[in-house]
Amino acid sequence: MKKTENHLLVIFGASGDLTARKLIPALFNLYVAKQLPKNFTVLGASRSNLTDEEFRDRVVHNSPYLKEKLSDLKDIYVSGFSNMLYYEDLGSDYTAEYSKLNNRIQQLNTERGTDNNMMFYLSTPPNLYEAIAENLAQVGLNNQDSGWKRLIVEKPFGYSLETAKNLNRGLQRFFKEPQIYRIDHYLGKETVQNLLVTRFSNSIFEPLWNRNYIHHVEITNAESVGVEKRGGYYDKSGALRDMFQNHLLQIVSLVVMEPPIGDQPEEIRNEKVKALKSLRVMRDEATLFENTIRAQYVASEINGKKVKGYREEDGVNPDSTTETYAAVKFYVDNWRWHGVPFYVRTAKRMPTKVTEVIIHFKTPHHQIFQDSGVSSKDNKLIIRIQPDEGILVKFGVKVPGQGFKVERANLDFYYSSLAETYVMEAYERLLLDAMQGDATLYARADEVEAAWEFVDPILEYWKNGKDVRMYGYAAGVWGPENADDLIEDLGYWRNPEQNLADDPGYCVIC
Ligand code: BG6
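Remember, predicted model here, so these are calculated numbers, not experimental data.

Chemist: Would you take a moment to explain the pairing of strand β4 (residues 118-122) for this structure?
Modeler: Walk down a regular strand and you will see the side chains alternate between the two sheet faces. Taking burial as the measure, the five residues of β4 include five buried ones, the bulk of the element. Across the two faces of β4 the burial is the same, with Met118, Phe120 and Leu122 and Met119 and Tyr121 all buried. With five bridges connecting them, strand β1 (residues 7-12) and β4 associate as parallel partners. The residue bridging isoleucine 11 from the neighbouring strand is tyrosine 121, located in β4. Here five bridges tie β4 to strand β5 (residues 149-153), and the two strands are oriented parallel to one another.

Chemist: What is the right way to look at the site of the ligand in this model?
Modeler: The immediate surroundings of the ligand are formed by Lys155, His185, Tyr186, Lys189, Glu223, Arg230, Asp242, Met243, His247, Lys348, Lys353 and Gln386. Glutamate 223 places a side-chain nitrogen or oxygen 2.5 Å from an oxygen atom of the ligand. Here arginine 230 contributes a side-chain N or O atom positioned 2.8 Å from an oxygen atom of the ligand. Spatially, the ligand is embedded in the largest pocket. Top contributing element to the shell around the ligand by residue count: helix α10 (residues 239-256), with three residues.

Chemist: Sorry if this is basic, but what is going on with the nonpolar core here?
Modeler: One broad trend across soluble globular proteins is that nonpolar side chains are buried collectively. Membership of the largest hydrophobic core comes to 150 residues, with the highest contact counts inside it found for Phe12 and Phe330. Ranked by the residues each element gives to this core, the list is headed by α10, at 11 residues. Other than its neighbours up to four places away in sequence, phenylalanine 330 contacts Phe244, Val252, Leu279, Met282, Val340, Pro341, Phe342, Val344 and Phe454. Judged by nonpolar contacts, the second largest core, of five residues, contains Ile358, Ile382, Leu392 and Tyr414.

Chemist: Mind showing me how you'd approach empty space enclosed by the protein here?
Modeler: Summed over the entire model, instances satisfying the criterion amount to two cavities of 30 Å³ or more. Here the largest cavity is characterised by a volume of approximately 160 Å³. Around the largest cavity, the lining comprises 17 residues; the ones closest to its centre are Asp184, Gln245, Asn246, Ala443 and Val448. Looking at the lining of the largest cavity, the elements with two or more residues in it are α10 and α14 (445-464). Here the lining of the largest cavity gets five residues from one element, more than from any other, and that element is α10. Tallied by class, residues from the lining of the largest cavity come to eight nonpolar, four polar and five charged. Looking at the second largest cavity, its volume works out to about 50 Å³. Listing elements by their share of the lining of the second largest cavity, those giving two or more residues are α8 (190-200) and α11 (265-277). Among the elements that take part in the lining of the second largest cavity, α8 stands out by supplying three residues, more than any other.

Rules of the game
Residues numbered from 1 in each chain as written. Predicted model: local features only at pLDDT ≥ 70, side-chain atom pairs only at ≥ 80, totals over all residues. Heavy atoms only, no water. Buried < 20%, exposed > 50% of the residue type's maximum accessible area, 1.4 Å probe, protein only. Helix = DSSP H or I, 4+ residues; strand = E, 2+ residues; numbered from the N terminus. Pairing = 2+ DSSP bridges. Near = heavy atom within 4 Å. Polar contact = N/O pair within 3.5 Å; in protein donor to acceptor, adjacent residues only side chain to side chain. 1 Å grid on protein atoms, 1.4 Å probe; cavity = no way out; pocket = protein on both sides within 12 Å on 5 of 7 lines; lining within 4 Å. Sits in = over half its atoms within 2 Å of the grid points. Core = buried A, V, L, I, M, F, W, Y, C linked by side-chain atoms within 4.5 Å. Contact = heavy atoms within 4.5 Å. Points joined across faces, edges and corners; volume = space filled by probe spheres on them. Nonpolar A, V, L, I, M, F, W, Y, C, P; charged D, E, K, R; others polar.

Here it is, written out as structure tokens:
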């Protein structure tokens, strides 16, 4: 097991939702699992006027996100955790100078023996990232002469290729690239990491993982919720920026990449960058028209309950043209993937919450058995990212009886069957990695820029294109009526159910 060195974690934006909902629960889980170093301290910093005690009450003792976990634990044990947390009020502004903050950091560092190692987590609006980095640098908190200094930044990382480049350059003025950790919580999911293991530690999949055997690749990310309380943010972002540019292109890079020469962070990240750079960027309007679909959910009734349309949501412009559904067909220009279409979609207000990757294999080159509907029964490998995490292989078996009638059967694996194994939450895993200086699951500057390079022309077309359309879909259905047009030559999207094997074919072999 890698060693986690003593350190101080400073969270900017500590009175915000992410700190209470994700970061503190992740740290608490690490505390319970005894993964935190001996001397560990958190300093929350933001613009709310809170004392240390008030901060502890808010994010630990009275936190709705920890309530269930704390109920079985002794107070003294919980206080052991909450006493590691401190708070510093930054006053009216994140951009004012940091000498007071620095004094507090130095004092805690000495008192709590955190060995000058510091991690700064920026959970603030992105327009503050550069100013915070600059202020930290001005008081010497980027200097690694004694103890390491790391910066974790949340998404969105840029709003376009240009803004992402500016942000990268801006941060790199004050912190070196290896000090910067760009978080993408999808990379913290076990099932996303398992894409690497499925591909590169089995000899049965990788030989087939190319244009000779794969017909097409389909990736679905669906959420049943709408924009909830985030209308203001979402309306400036949209599905393509919110999910596709980051989480889904990260998944694409893991499906597309070549085998790395080893498991070192830079070896894996180099291959992911190469993969993203090989996506064929669509630039002309005709190609963009044919290969992209955007849509918005409209008011509807789900299970007898009225649901608002996107334009009626709080914080959303009533004339908004921001997409809540995005589907993109594209190709990958390299030797392995030549001619294999990729279909990727993401949306809110779908019938269920599900993310999965489906590798559709080609039909056998010569059909011996005249089975009906062969094409819908091709071999498939379904990698379920969430929920009901697992892997399903669909393959042909003979139906008992005369002749050679073929049906599809399922061969499946579920993470839930690993009862003894504790599966870490995404933030837990990612925080622990950053604490140990392992950046494998963090996005590098060139990786983020390569993803924007692909997405930018689509956004530009959707904003200014001549023939661009915005379709509507009733909240609670699988997208607009014409969603299947994109995938027409192949039939239809696999619209998954909540459970991985909900369309079990002929029988289930466990
Ligand atoms: C976030 C998006 O990055 O991911 C949200 O901003 C989205 O809009 C969320 O709901 C989905 O994450 P998960 O882990 O629930 O699939």
